[in-house]
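Working through the structure, step by step
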Amino acid sequence: MTEPSGETAPEAVAPAAEDLREEATGAPTPAPEAPEAPEAPEAPKPSEEPDTAEEPGQAEEPDTTEGPDTGEGPDTGDAPGTAEGPSAAEEPGTAEEAATGQESAAGGQAASDQGADADGGDAPGLSDAQAELAAQRELRAKIAARKAEKSGPLTSGTKLSGTAADLLAAVRAVEGGTPSGSTLYEAPEPAPRRPAADTAPAMTVRPPAPERPAAPAPGTTAAVREVLAEGGAPEALAEQVAAALGEGAAAVLREDPWQLLAVAGVRPEQADGFARALLGPACGPGDPRRTVALTVWLLERAALQGHTALEIQAVRAGLAGHAVPDPEEAVETAVSEAAVLVFQEEETAQEPEDDAEEEAAAPAAEQEPAAPVLLGLDRYALAEESLADGLARLVRTATADTWEGGELERAAGAHGLVLHTGGEASRAEPVALAAAARERGLRTLVAVHADGGRRAAGADAVTVTALLSGAAGPGRDEDGAFELDLLVVLDAPQLDVETGAMLVESLPDGCRLVLSGDPEVLGAPGAGRVFADVLAARVCPRVASRVPDPGPLGELVSGIGVGELNQVEAPGKEIVIVPVRDAGEAVHRTVQLVADSVPRAIGVPPEQTQVVTVGHGGSAGTRALNAALKQRLNPGPGRFGGYDPGDRVAYAPAPGRTVTGTVLSADAEGLRLRCGDDEILVPRERVESALRHGWALTAHQAAGARWPAVVVVLPGDAAGGLSRPWVYTAFGRAERHLSVVHGVDQALARAVAEGVAPERTTRLQPLLEGLLAPDEE
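Since the model is a prediction, treat every value here as computed from it, not as a measurement.

With that out of the way, let us pick up the overall build of the protein chain. The helix and strand tally for the protein chain stands at 25 helices and 19 strands. Counting across all 777 residues of the protein chain, residues that qualify as buried make up 57%. Put simply, the protein chain shows about 30400 Å² of open surface, and 51% of that area lies on carbon and sulfur atoms.

Its boundaries defined by the atoms lining it, the second largest pocket holds a volume of some 840 Å³. Taken together, 32 residues line the second largest pocket, and the ones lying closest to its centre are Asp451, Gly452, Thr660, Cys675 and Gly676. At the level of elements, helix 14 (454–457), strand 12 (648–654), strand 13 (657–667), strand 14 (670–675), helix 22 (699–702) and strand 18 (707–714) are the ones that each hand at least two residues to the lining of the second largest pocket. Per element, the largest residue contribution to the lining of the second largest pocket is six residues, and it comes from strand 13.

The sheet built from five strands is open, its strands ordered 10-19-18-11-17 with parallel pairing. At either margin of the open sheet sits one strand with a lone partner, and together these are strand 10 (575–579) and strand 17 (696–698). In this sheet, neighbouring strand axes are inclined to one another by 25° on average, regardless of whether the strands run parallel or antiparallel. Docked against the sheet, helix 18 (residues 551–561) engages strand 10 and strand 19 (734–742), running at close to 60° with respect to strand 19. Of the strands in this sheet, strand 11 (609–613), strand 17 and strand 18 touch helix 20 (residues 622–633), which is tilted by about 165° from strand 17.

On to the packing of aromatic side chains. One pass over the full model with this rule turns up zero aromatic pairs. Geometry around Phe343 places Arg763 over its ring, the cationic atom sitting 3.9 Å from the centre.

Packing of helix 19 (residues 583–602) against helix 20 brings their axes to within 10 Å, and their N-to-C directions diverge by 40°. Between helix 19 and helix 20, the angle falls in the class oblique. By crossing handedness, the relation of helix 19 to helix 20 is classed as right-handed. Note on element contacts: helix 20 touches helix 19 through Ala624, Leu625, Ala628, Leu629, Arg632 and Leu633, opposite Val587, Thr590, Val591, Val594, Ala595 and Asp596. Partitioning the contact of helix 19 with helix 20 into residue classes produces nine nonpolar, one polar and two charged.

So, on to the pairing of strand 5 (residues 444–448). Of all five residues in strand 5, five are buried, a share of seventy percent or more. Residues Thr444, Val446 and Val448 point to one face of strand 5 and Leu445 and Ala447 to the other, with burial holding for every one of them. Here strand 5 runs beside strand 7 (residues 486–489); their pairing, made up of four bridges, is parallel. Across the sheet, the residue bridging to Ala447 is Val489, located in strand 7. Pairing of strand 5 with strand 6 (residues 462–463), which is carried by two bridges, proceeds in the parallel orientation. Paired with Ala447 across the two strands is Val462, which belongs to strand 6.

What follows deals with the packing of helix 3 (residues 218–230) against helix 4 (residues 238–245). As a packed pair, helix 3 and helix 4 sit with axes 8 Å apart at the nearest point and diverge in direction by 115°. Pair helix 3 / helix 4 crosses with right-handed handedness. Residues Thr220, Thr221, Val224, Arg225 and Leu228 of helix 3 form the contact with helix 4, whose participating residues are Ala238, Glu239, Val241 and Ala242. Here the residues of the contact of helix 3 with helix 4 are counted per class, giving five nonpolar, two polar and two charged.

Before going further, it helps to examine the pattern of salt bridges. All told, the structure shown has 22 salt bridges when counted by the stated rule. Glu759 is paired through a salt bridge with Arg529; the nearest N and O atoms lie 3.0 Å apart. A residue pair is termed long-range when its members are at least 10 positions apart, and Glu759 in the loop between helix 24 (747–754) and helix 25 (764–771) and Arg529 in the loop between strand 8 (512–517) and helix 17 (530–537) qualify at 230 residues. Of the residues examined, Glu759 reaches a relative accessible area of 56% and is grouped as exposed. Where Asp647 meets Lys630, a salt bridge forms, and the shortest distance between an N and an O atom there is 3.0 Å. Of this pair, Asp647 sits in the loop between helix 20 and strand 12 while Lys630 sits in helix 20, and the two are 17 residues apart along the sequence. Relative accessible area serves as the criterion here: at 9%, Lys630 is assigned to the buried category. One network of salt bridges, with partners in common, ties together Glu255, Asp287 and Arg289.

Buried within helix 8 (residues 312–321) we find Ile312, Val315, Arg316, Gly318 and Leu319. One side of helix 8 holds all its buried residues, which, seen down the axis, span an arc of 160°. Just downstream of helix 8, Ala323 is the residue with a positive phi angle, here 65°.

Looking at where His737 falls in the secondary structure, it is placed in strand 19. Separated by 2.7 Å, the side chains of His737 and Ser739 make a polar contact. Excluding residues that lie within four positions of it along the chain, His737 makes contacts with Leu553, Lys573, Glu574, Val576, Val598, Ile602, Pro708, Ala709 and Val710.

Strand order in the open sheet formed by three strands is 1-3-2, and the pairing between neighbours is antiparallel. Where the open sheet ends on each side, the last strands, each with one partner, are strand 1 (310–311) and strand 2 (341–344).

Looking now at helix 11 (residues 378–397). For an α-helix the count is 3.6 residues per turn, leaving residues at separations of three or four pointing the same way. Over its 20 residues, helix 11 runs 28 Å from end to end, which matches the ideal 28 Å to within 8%, given 1.5 Å per residue. Within helix 11, 14 of the 20 residues are buried, leaving the element largely enclosed by the surrounding structure.

Moving on, we get to empty space enclosed by the protein. Estimates place the volume of the largest cavity at around 180 Å³. Across the lining of the largest cavity, the residue classes tally to four nonpolar, nine polar and five charged.

With that out of the way, let us pick up unusual backbone geometry. Of note in the backbone geometry, Ala323 takes a positive phi value of approximately 65° without being a glycine. Relative to the assigned elements, Ala323 resides in the loop between helix 8 and helix 9 (327–336). The residue Asp491 is not glycine, and still its phi comes out positive at about 55°. With a relative accessible area of 12%, Asp491 lands in the buried category.

Basis of the calculations
- Residues numbered from 1 in each chain as written.
- Predicted model: local features only at pLDDT ≥ 70, side-chain atom pairs only at ≥ 80, totals over all residues.
- Heavy atoms only, no water.
- Helix = DSSP H or I, 4+ residues; strand = E, 2+ residues; numbered from the N terminus.
- Buried < 20%, exposed > 50% of the residue type's maximum accessible area, 1.4 Å probe, protein only.
- Areas by Shrake-Rupley, 256 points an atom, 1.4 Å probe, with all protein chains shown as cover.
- 1 Å grid on protein atoms, 1.4 Å probe; cavity = no way out; pocket = protein on both sides within 12 Å on 5 of 7 lines; lining within 4 Å.
- Points joined across faces, edges and corners; volume = space filled by probe spheres on them.
- Pairing = 2+ DSSP bridges.
- Axes fitted to C-alpha atoms, helices over the stretch in contact; angles between N-to-C directions.
- Contact = heavy atoms within 4.5 Å.
- Phe/Tyr/Trp six-rings, centres within 6.5 Å; stacked < 30°, edge-to-face > 60°.
- Lys NZ or Arg CZ within 6 Å of the ring centre and 35° of its normal.
- Parallel < 35°, antiparallel > 145°, perpendicular 65-115°, else oblique.
- Left-handed = near helix turned anticlockwise from the far one by under 90°.
- Nonpolar A, V, L, I, M, F, W, Y, C, P; charged D, E, K, R; others polar.
- Salt bridge = Lys/Arg side-chain N within 4 Å of Asp/Glu carboxyl O.
- Arc of directions from axis to C-beta.
- Polar contact = N/O pair within 3.5 Å; in protein donor to acceptor, adjacent residues only side chain to side chain.
- Expected span 1.5 Å × (residues − 1).

Now the structure itself:
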């Protein structure tokens, strides 16, 4: 992918004395190192520094206005580089942070710009993270086998057709106005579920540590390298292609050059150039191989933005944008070859009260389907179906009991699935629920999204990733289910659909599940919106916390959650606004705040201060900020792949997951990091693709963790990436102090008031509504 213009490392930060003078046009005149006036971020108007900081609540809004805001999706600001087309995304994890792109030019361009964001690209080498993912896939297969022996899921409102022919017929029938009867989506009845055991098995089995998957055979990689060279593509892609396409990769690639799109970061125009070099005049824009690969590519890119499916019209429009001559035929070809799946949610039609209404309604029903036709990839379709079935199973197998206590405790005792919403302070409620359940003799566990979230959840809390991999948490019984009676999941909005499905399918019948989180934060860096969909389906009790977040920071963030950017009194310099005129000044002031002002005025050292910005690219993105912060805080030659001992880093062991840590050392095997209490080895072949400096993160990477001090950087070119969930998430990462490097003028207030993040297209809500009657509350 191409780097955004203007993304260059800033010059070395000059001594703080440079900033002793500011222009008299409303800019602050603070002492160099201290943060500017603490003000409500709505409209900064600095006065004096804390030893320098200005007093909050005295700012007035600048007259300058920015262009329209654009909400951010899960993958648009945080990936290295920028993506093009309808599926562009910069970060897992990120609309902000979900897709780590690797620049690969088919015409001989070298692959470049891979980063460790929430959606890191496929790495050519093999790592512990890949082994972990392989183990999880194997576990899912075992769970599926176990599930087949048990009573199968209830018939949902949406089913996938069993054959490619049925799928193709469904597309044509639905678009032609044929009612979507169940015959189009028939699936064999699953075997009846085996009843749950009355007692836990005497012996439990803890899954062994996953074995490192075998690397592609040298012969396979060599053969792929030969084909790549013949087509003018970078030979450095050979290992990634071999890993993506398997042992016959060379033959597959020669027969269908557009399979190169299976490698993360490769764009359609690059694959087209590669195909022309291999096939010559035999290929064209309407080649079925090209159209099928493009259809899959569009859906994969949509998944990086959080969608688990796309409307068929959107896919056709995307194909037309890539010069496909007949998008409709292209979609039908992709469906007929089972490369993608087609489905339509069935809706219960209301019966007309009289014959006249029936006659009037009939023509409308014939003209258009009741619900849009969706296209999706089987991995996300399977995950959503499995998750919906698993949640319905928990609801129906839990034994109602009467628990004394607060509202959350009573709801958890009476139901198998409970949702809990609230801000940071409300996390204490589900943690207290878990403690009370342990006192009742129940096997209970609290799981969080990130390692940083474990502090508030207690010493026994584990991360969801560690729980699923078997690195932490309880053992599993002989059926592969966790030995648990109650699982409490904090940071539930960060669950993507695949992780959610694996988690729920690992819970035994009768286990209670409490999903807790703040619905206002950014969604998961991966595909799906599990927490929001379950909330919207209204199929279980929902308990809203009444515990407010304390202090000026809590007041500010709570106001943002309801669309108001309020002026907040901050007598302890909890909130500081630093106005800047351009991105260069934003970088300079950020370094000054982290290295000097915040430690001196607030007492928080640089290693406990986190910088959060909108994206990786740009002149004040994570790359530029990290370069400047490294130069000031840990200068060095970058002897180990650009890193030195002491560097703060962000490591993406798997797409959608970011771990922060510090470089300890390097050896022949790779870089060794200290991440919390753990020491992690990043294999040397994974350093370039899965690691980046971590003094500055995007909001998606920072979600689920908090720091004593946070510096949020908003340069002028970031206005288009702001939305209310982004601002809410970024500002909410601060525990004691928040500095806002403010260069977006009124765009910040507009984003809070109007900037709703783009909706994700998912299927979980209608699936749950088809399985479980909506709550009447």
